[in-house]
Amino acid sequence: MASLGAMFGGGDGETFLGLPRCRDLSRVQAGAVLIGADGCTPYPSVGFYCAGGPRAIRAAGAAYAANLGHMNFDLGGPVFPGRVTAVDAGDLPQDEADPVGNRARIFGAVSLILDRGAVPVLIGGDDSLPIPMLEAYGARGKTFTILQIDAHIDWRDEVGGERLGLSSTMRRASEMGHIERIVQVGSRGTGSARVSDVQDALDWGVSFVPAGEVARSGVGRAVDLIPAGAEVIICLDVDALDPSVMPAVIGRTAGGLSYWQVLELIAGVSEKARIAGVDMVEFMPSRDVDGLGAGLAAQLLAAVLGVLARQG
Ligand SMILES: [Mn+2]
C-alpha cells in the first residue's frame, strides 16, 4: 500500500523517528531517553491490554524518520533544533505473569536514566507503569510536581485487592514523600472514581482542571497551577484526548482534549518549569481505527521530544 514512509523513504520503525538506539542505560548520554513497556501491574480481568503500544507508536513515527530535520510547524522548527539529543532504548522485557519483575525493571531503568541526568520518556502500556517510574524519583533530594493529563483521576485505593494497578496511580503518587503537588487535567464522564475518592484527592491538595473547563476556557489555569521553576513529571494518559482523534483507548469518552490543548499545556509548562519526566500510557493498538490514534500519538510524542530538546 502507498504510504508516506514509502514516498519519503522512512525508516523501519526499529527506533522512534530513527533516533539513535541506546543499548546501555548505565552509560547513556542524552537529553531524553525513550523507553517502552507493554505493561506493568495488570488487572487479571484484562491483562496486558495495551501490549504492542510502543511498537505501534514507533511504526507510526517511521514515516517521518527521513524528514527529522525538516520544519515541524507544531514547534516552529525541526524536532531537534540542533543535534539530535534523544535516544530510544527500546522496550523492557515485560511479562504479564511477573508484575513484581515488571515494576523492578521500570524502577531500575528510570533510575539509571535519572542517574545520567537525562529525562525519561516512558511509553506504554497501561497506566500502572507510572507507579514504579514515580518511585524512582525518590531519595534524590528534590520534590516534584505531577501534571496528570487523563480522563480519569486514578485515586482508587485498590481494585479487586490490587493496589498498584492503573486506577490507583495518583493515589500511590500522593503517598510518595517526594511528590509535593499534583495537578490533574482532563477529567470527564464516569470512570473508576467514587465521590469519596475525589474528596480524598481534594483533601490531599490536588488541583483539578476538568475537561469541561478546558473546553470552555483553555489550558491557562492549568499552566498557572504549575509553580515557576518546579520540577514537573508529566503523566499523560492518551484517553485525555478526544476519542474522535484518539480512538485507541479502552474507554472512549466524548468531550476530551484536542491535540493543541495537550501540546499547549505541555509547552506552557516547559516555559515556566522544568519537565523532569514524561509518561504516555493507555494506547491500545487493537482499538485503533485505521492508524488514526497511532499517528496522533507519534505526532504528539515527537512534539514532546521537541519541547524537551528546547528546555534548558
Ligand atoms: Mn485514563
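Presented here is an overview of the structure given in this document. If you're wondering where the values come from, they're calculated on a predicted model, not measured in any experiment. (Residues numbered from 1 in each chain as written. Predicted model: local features only at pLDDT ≥ 70, side-chain atom pairs only at ≥ 80, totals over all residues. Heavy atoms only, no water.)

1. A closer look at the environment of Ile226
So, point 1. You can see Ile226 is positioned in the loop between α8 (220-224) and β7 (231-237).
So, point 2. Looking at Ile226, the relative accessible area reads 0%, which means it is buried.
So, point 3. With 44 residues separating them along the chain, Ile226 and Ile182 place their C-alpha atoms 9.1 Å apart.
So, point 4. Ignoring sequence-local partners within four residues, the contact set of Ile226 consists of Thr145, Leu147, Val183, Val232, Val269, Lys272 and Ala273. (Helix = DSSP H or I, 4+ residues; strand = E, 2+ residues; numbered from the N terminus. Buried < 20%, exposed > 50% of the residue type's maximum accessible area, 1.4 Å probe, protein only. Contact = heavy atoms within 4.5 Å.)

2. Some details on the nonpolar core
So, point 1. Among the nonpolar cores identified, the biggest contains 59 residues, and Leu147, Ile149 and Leu305 are the most heavily contacted of them.
So, point 2. When residues of this core are assigned to their parent elements, the largest contribution, 12 residues, is made by helix α10 (residues 292-310).
So, point 3. Among all residues touching Leu305, those that are not within four sequence positions of it are Phe16, Leu19, Ala32, Val79, Phe80, Ala86 and Val121.
So, point 4. Of all hydrophobic cores here, the second largest spans 39 residues; its members include Cys40, Ile146, Ile182 and Cys235. (Core = buried A, V, L, I, M, F, W, Y, C linked by side-chain atoms within 4.5 Å.)

3. Remarks on helix α2 (residues 53-61)
So, point 1. Every buried residue belonging to α2 is among Gly53, Pro54, Ile57, Arg58 and Gly61, and all of these are buried. The arc that holds every buried residue of α2, seen down its axis, measures 130°, which confines them to one face.
So, point 2. Buried residues along α2 sit against β1 (32-36), β2 (86-91), β3 (119-123), β8 (274-281) and α10. (Arc of directions from axis to C-beta.)

4. Observations concerning the pairing of β8
So, point 1. The element β8 is largely enclosed, with a buried count of seven among its eight residues.
So, point 2. Examined bridge by bridge, β7 and β8 share seven bridges and lie parallel to one another. Bridge pairing in β8 places Ile233 opposite Gly277.
So, point 3. Taking the sense of rotation as the criterion, the β-α-β connection linking β7, helix α9 (residues 259-272) and β8 turns out right-handed. (Pairing = 2+ DSSP bridges. Right-handed = clockwise from strand over helix to strand, strands pointing away.)

5. Describing the coordination of the manganese ion
So, point 1. In this structure, Asp150 (OD), His152 (ND1), Asp237 (OD) and Asp239 (OD) serve as the protein donors to the manganese ion, at separations of 2.2 to 2.3 Å.
So, point 2. One chain supplies every donor for the manganese ion, spaced along it as D-x1-H-x84-D-x1-D. Here Asp150 is found in the loop between β4 (144-149) and α5 (169-174), whereas its partner Asp239 is found in the loop between β7 and α9, with 89 residues between them in sequence. By the burial criterion, Asp150 is buried, and Asp239 matches it. (Donors = N, O, S within 2.8 Å, 3.2 Å for Na, K, Ca; no water.)

6. Remarks on the pattern of salt bridges
So, point 1. Following the criterion strictly, the structure yields 14 salt bridges and no others.
So, point 2. By sharing partners, the salt bridges in this structure join Asp157, Arg163, Arg172 and Glu175 into a single network. (Salt bridge = Lys/Arg side-chain N within 4 Å of Asp/Glu carboxyl O.)

These results come straight from atomic positions and should not be treated as a statement about function.
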